[in-house]
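Below are the chains, spelled out letter by letter.
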Amino acid sequence: PRLLSQFFFADERVTRVVAEINGLDAELDPQQYLVLLNQLHLSQAHLLAVLERIMEECIPTQRHSRDYLVKFPEELLVDNLGNHMLFAAECLLAGTFLELEESDGAQLRPQARNLLCSLELVRKVLREQSLSQPNSYPESVRTVLIQFDRLFAEFELSYVSSLVAVKSPDEIYRQQEIIVLFCETVERALHLGYLTQEMIDGYEPLLMFTIPRLAIISGLLIYPEGPLSLERSPEEMSRVFSPFYNLLKKIRDLLRVLSAEELCLLERSLCTAE
């Protein structure tokens, strides 16, 4: 159950697979090479997962900030992102610029080199610690973990920023505005009896349609200065809504002529219609 012991065996696994790859002629046996390459990726992912748990146990208050992750596109926020970063660093060090312009790859190579050297040092130090005192983390261990955590975060942000357009602070703020609008919409719908707490607690599938519909009405009429404010230009709105700018103006104009009773009837119908 000890994390350092788990790390030792995970590290042994990576070392063994790397040795098998180095001893194989990929041209003579390409199928076996692909099998070993897949085993390497899986064993490295396991090694990083154990290392992450060790850092959470050893340096929980000294971890490098990961606030930058909110800037990343949602499709990149997957469980194996760390393993992908490690693979990207190895490719960059080998001179292969996967998915990157050559100039960007050349700029990232020093960071990749520092990250991989730091990882090798971490592996060496943790292996030694697992064989001597697997129940403690001396200052020497903490130091190399803090350095690795920082280098990993810095490389991750730099690499992804070179690969895709990360969200600007304005985009993040607009996204947060939408979250607030949806929360206020749900609170209002509960107060008016459009929804019940049981529906929310039970993850009622209909809510996937109901809440966005109600949020559009709330954003146009109840909170007109929020993320659906049509006083802004389309470029100033969230990309979620900006393509529908003209349609939203038409919906707002229609909603404005409804009486309170008609608006209530409309909102109730939106909670039931599929």
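Residues numbered from 1 in each chain as written. Predicted model: local features only at pLDDT ≥ 70, side-chain atom pairs only at ≥ 80, totals over all residues. Heavy atoms only, no water.

Peer 1: I'm lost on the layout of surface pockets in this one. Help?
Peer 2: To find leftover empty space, one rolls a probe the size of a water molecule over the atoms. Within this model, the largest pocket holds a volume of roughly 450 Å³. Every residue lining the largest pocket is counted, 21 residues in all, and those nearest its centre are Glu52, Asp79, Gly82, Phe152 and Glu156. Elements that contribute at least two residues to the lining of the largest pocket include exactly helix H2 (30-58), helix H3 (81-93) and helix H5 (139-163). At 6 residues, the largest contribution of residues to the lining of the largest pocket is made by H2. Residues that form the lining of the largest pocket fall into these classes: 10 nonpolar, 4 polar and 7 charged. Here the second largest pocket defines a volume of roughly 250 Å³. The wall of the second largest pocket is formed by Pro73, Glu74, Lys167, Glu171, Ile172, Arg174, Gln175, Ile178, Met237, Ser238, Arg239 and Val240. Looking at the lining of the second largest pocket residue by residue, the classes come out as 5 nonpolar, 2 polar and 5 charged. (1 Å grid on protein atoms, 1.4 Å probe; cavity = no way out; pocket = protein on both sides within 12 Å on 5 of 7 lines; lining within 4 Å. Points joined across faces, edges and corners; volume = space filled by probe spheres on them. Helix = DSSP H or I, 4+ residues; strand = E, 2+ residues; numbered from the N terminus. Nonpolar A, V, L, I, M, F, W, Y, C, P; charged D, E, K, R; others polar.)

Peer 1: How should I be thinking about the domain arrangement of the protein chain in this particular structure?
Peer 2: Quoted interface sizes are often the accessible area lost when the parts come together. When cut into domains, the protein chain gives domain 1 (3-163) and domain 2 (169-272). Between domain 1 and domain 2, the C-alpha centre-to-centre distance is 43 Å. (Domains from an automatic or database assignment.)

Peer 1: What am I meant to see in helix H1 (residues 3-22) here?
Peer 2: For an α-helix, the turn length of 3.6 residues means that residues three or four places apart are oriented alike. Compared with an ideal rise of 1.5 Å per residue, which puts 20 residues at 28 Å, H1 spans 28 Å between its outermost C-alpha atoms and is within 8% of the ideal. Those residues of H1 that sit buried are Leu3, Leu4, Ser5, Phe7, Phe8, Ala10, Asp11, Val14, Val17 and Ile21. Residues of H1 that are buried sit in contact with H2 and helix H4 (102-132). (Expected span 1.5 Å × (residues − 1). Buried < 20%, exposed > 50% of the residue type's maximum accessible area, 1.4 Å probe, protein only. Contact = heavy atoms within 4.5 Å.)

Peer 1: Could you clarify how one ought to interpret the packing of H2 against H4 in this entry?
Peer 2: To describe two helices that pack against each other, one gives the angle between their axes and the distance between the axes. Two numbers describe how H2 lies on H4: the axes approach to 13 Å, and their chain directions differ by 70°. Viewed along their axes, H2 and H4 adopt a mutual orientation that is roughly perpendicular. Here Leu47, Leu51 and Ile54 of H2 lie close against H4, whose contacting residues are Leu119, Val122, Arg123 and Leu126. (Axes fitted to C-alpha atoms, helices over the stretch in contact; angles between N-to-C directions. Parallel < 35°, antiparallel > 145°, perpendicular 65-115°, else oblique.)

Peer 1: Where do I start with the pattern of salt bridges in this structure?
Peer 2: Oppositely charged side chains are able to pair whenever their charged atoms sit close together. Evaluation of the coordinates by the stated rule reveals 13 salt bridges. Two residues, Glu52 and Arg63, come together in a salt bridge whose shortest N-O distance is 3.1 Å. Here Glu52, found in helix H2, pairs with Arg63, found in the loop between H2 and H3; they are 11 residues apart in sequence, far enough to count as distant. Residues Asp253 and Arg252 are paired through a salt bridge, measuring 3.7 Å at the closest nitrogen-oxygen approach. Several salt bridges converge on common partners, so that one network encompasses Asp11, Glu12, Glu120, Arg123 and Arg127. (Salt bridge = Lys/Arg side-chain N within 4 Å of Asp/Glu carboxyl O.)

Peer 1: In this structure, what is going on with unusual backbone geometry? I would like to understand it.
Peer 2: As a rule of thumb, non-glycine residues mostly have phi less than zero, and peptide bonds are mostly trans rather than cis. One non-glycine residue, Tyr203, adopts positive backbone phi at about 50°. When you line up the elements, Tyr203 lands in the loop between helix H7 (197-201) and helix H8 (207-222).

Peer 1: Looking at this model, I keep getting lost on H3. Mind explaining?
Peer 2: End to end, H3 covers 18 Å across 13 residues, agreeing with the expected 18 Å (1.5 Å per residue, within 8%). All of the buried residues along H3 are Leu81, Asn83, Met85, Leu86, Ala88, Ala89, Cys91 and Leu92. Each element contacted by the buried residues of H3 is listed here: H2, H4 and H5. Downstream of H3 by one or two residues, Gly95 has phi in the positive range, about 90°.

Peer 1: I tried to follow the environment of Tyr159 on my own but got confused; where do I start?
Peer 2: Assignment of secondary structure puts Tyr159 in helix H5. You can call Tyr159 buried: its relative accessible area is 2%. In the structure, Tyr159 is positioned 15 residues away from Arg174 in sequence and 25 Å away in space, judged by C-alpha atoms.

Peer 1: What exactly am I supposed to notice about the nonpolar core here?
Peer 2: A general tendency of soluble globular proteins is for nonpolar side chains to be buried together. Counting 45 residues, the largest nonpolar core has Leu51, Ile54, Leu126, Leu145, Phe148, Phe155 and Tyr159 as its most contacted members. Those elements that provide at least two residues to this core are H1, H2, H3, H4 and H5. With 10 residues, the single largest contributor to this core is H5. Every residue in contact with Leu126, bar those within four places of it in the chain, is listed here: Leu4, Phe7, Leu51, Ile54, Val141 and Leu145. Ile217, Leu220, Leu228 and Tyr245 belong to the second-largest nonpolar core, a separate cluster that totals 14 residues. (Core = buried A, V, L, I, M, F, W, Y, C linked by side-chain atoms within 4.5 Å.)

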